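A structural walkthrough
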Amino acid sequence: MALTYPDDLKYLDTHEYIRLEGEIATIGISAFAVDQLGDIVFLDLPEVGAGLEKGEAFGTVESVKAVEDLKAPVTGTVVERNDEIIESPENLAEDPYGAGWLLKVRVDNTSDADEAFSAPEYRKMVEGE
């Protein structure tokens, strides 16, 4: 299966993605990260109202292979958490960019996302072109 990297997202070198709509950022993990992790068995995500600091760990994703920290692409406050994906983390593999989103965050400064990679830049990084 070819991995996809939607152009409307920005990506971190730690494989989180961000979709910025106004001051609300949807955060998830890329198809590449899901593919590398294998079978995902557990997600630990912050509660609504929790603060995120750009570059800091905000939760973990656990697979049969590893436990990885999730890094915040922006500073802000959690306004929504995807409880369905917490209940069924294996569904991340099916739709990481749609139903598999993790958090929605009200961003303190939208320029936080400026340093993230575009889809072509991220594709080059992960596919080693």
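Here we summarise the structure given alongside this text. (Residues numbered from 1 in each chain as written. Predicted model: local features only at pLDDT ≥ 70, side-chain atom pairs only at ≥ 80, totals over all residues. Heavy atoms only, no water.)

**Let's talk about the pattern of salt bridges**
Using the following cut-off: Should a side-chain nitrogen of Lys or Arg be within 4 Å of a carboxyl oxygen of Asp or Glu, the pair is scored as a salt bridge. Only DSSP runs of H or I reaching four residues or more are called helices, and only runs of E reaching two or more are called strands; each is numbered from the N terminus.
Across all of its chains, the model carries 5 salt bridges by this definition. Here Arg-106 makes a salt bridge to Glu-23, at a shortest N to O gap of 2.5 Å. Remark: Glu-23 occurs in the loop between β2 (16-21) and β3 (24-29) and Arg-106 occurs in strand β9 (residues 103-107); sequence separation between them is 83 residues. Put simply, Asp-83 and Arg-81 hold a salt bridge, and the shortest N to O gap is 2.8 Å. Here the salt bridges share partners, and the residues they tie into one network are Glu-47, Arg-81 and Asp-83.

**A look at the nonpolar core**
How we decide: Nonpolar core, defined: a set of buried Ala, Val, Leu, Ile, Met, Phe, Trp, Tyr and Cys residues in which side-chain atoms within 4.5 Å join the residues together. Type-normalised accessible area, obtained with a 1.4 Å probe on protein chains alone, sets the label of each residue: buried when under 20%, exposed when over 50%, and partly exposed for intermediate values. When checking whether two residues touch, look at their non-hydrogen atoms; a contact exists if any pair is within 4.5 Å.
Of all hydrophobic cores here, the largest spans 24 residues; its most connected members are Ile-29, Leu-52, Phe-58, Leu-92, Leu-102 and Leu-103. Listed by contribution, the elements that provide at least two residues to this core are β3, α1 (31-37), β4 (40-44), β6 (57-63) and β9. Not counting chain neighbours up to four residues away, the residues in contact with Leu-52 comprise Ile-27, Pro-46, Phe-58, Ala-72, Val-74, Thr-75, Gly-76, Val-78, Leu-103 and Val-105. One finds Phe-32, Ala-119, Tyr-122 and Val-126 within the second-largest nonpolar core, a separate group that totals 11 residues.

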